[in-house]
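Each chain, letter by letter, is given below.
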Amino acid sequence: MAGDWYDEIHDDRMRIGFRIRGVLFDQQSRYQRVTVVETEMLGNALLIDGIWMTAAGDEKSYHELITHPALCSAPSIARVLVIGGG
């Protein structure tokens, strides 16, 4: 996969593509295929069953989007527990 492109196409309307420098980890678990690749643009990236999950370069944006709605709508944020991630 090194030097190849990762392409993901959604409903023939959206396409995501990144050049892969190399595969850092690739293993089939009991439940899913876990792949970690190094991209030129976003650094290390996680793919689950070949589907893009997140990358080091967009990690902040990803987590901001999943935590802010909950924090902004909570009646009190004196104590907060955020659980998630693969």
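Residues numbered from 1 in each chain as written. Predicted model: local features only at pLDDT ≥ 70, side-chain atom pairs only at ≥ 80, totals over all residues. Heavy atoms only, no water.

1. Here we look at the confidence of the model for the chain
- Looking at the chain, pLDDT values average 84 and 92% of them are 70 or higher.
- When mean pLDDT is taken per element in the chain, strand β3 (residues 33–39) scores highest with 95 and helix α1 (residues 59–73) scores lowest with 79. (pLDDT = per-residue confidence, 0-100. Helix = DSSP H or I, 4+ residues; strand = E, 2+ residues; numbered from the N terminus.)

2. Focus: the pairing of β3
- When strand β2 (residues 14–28) meets β3, the two strands line up antiparallel, connected through 7 bridges. For Val23, the partnering residue across the bridge sits in β3 and is Val37.
- Between β2 and β3, which pair antiparallel in sequence order, lie 4 residues.
- Here 6 bridges tie β3 to strand β4 (residues 43–48), and the two strands are oriented antiparallel to one another. Opposite Thr39, over in β4, you have Gly43 as the bridge partner.
- Turn length for the β3-β4 hairpin, with the two strands adjacent in sequence and antiparallel, is 3 residues. (Pairing = 2+ DSSP bridges.)

3. Structural notes on the packing of aromatic side chains
- Scanning the model with the defined rule gives 2 aromatic pairs in all.
- Note on Tyr6 and Trp52: the rings are 5.7 Å apart at their centroids and 35° apart in plane angle, and the pair reads as tilted. Of this pair, Tyr6 sits in strand β1 (residues 5–10) while Trp52 sits in strand β5 (residues 51–55), and the two are 46 residues apart along the sequence.
- With a centroid separation of 4.6 Å and an interplanar angle of 15°, the aromatic rings of Phe18 and Trp52 are classed as stacked. Within this pair, whereas Phe18 is found in strand β2, its partner Trp52 is found in strand β5, the two being separated by 34 residues in sequence. Taken as a pair, Phe18 and Trp52 share a single burial class, namely buried.
- An aromatic cluster of three or more residues is present, and its members are Tyr6, Phe18 and Trp52. (Phe/Tyr/Trp six-rings, centres within 6.5 Å; stacked < 30°, edge-to-face > 60°. Buried < 20%, exposed > 50% of the residue type's maximum accessible area, 1.4 Å probe, protein only.)

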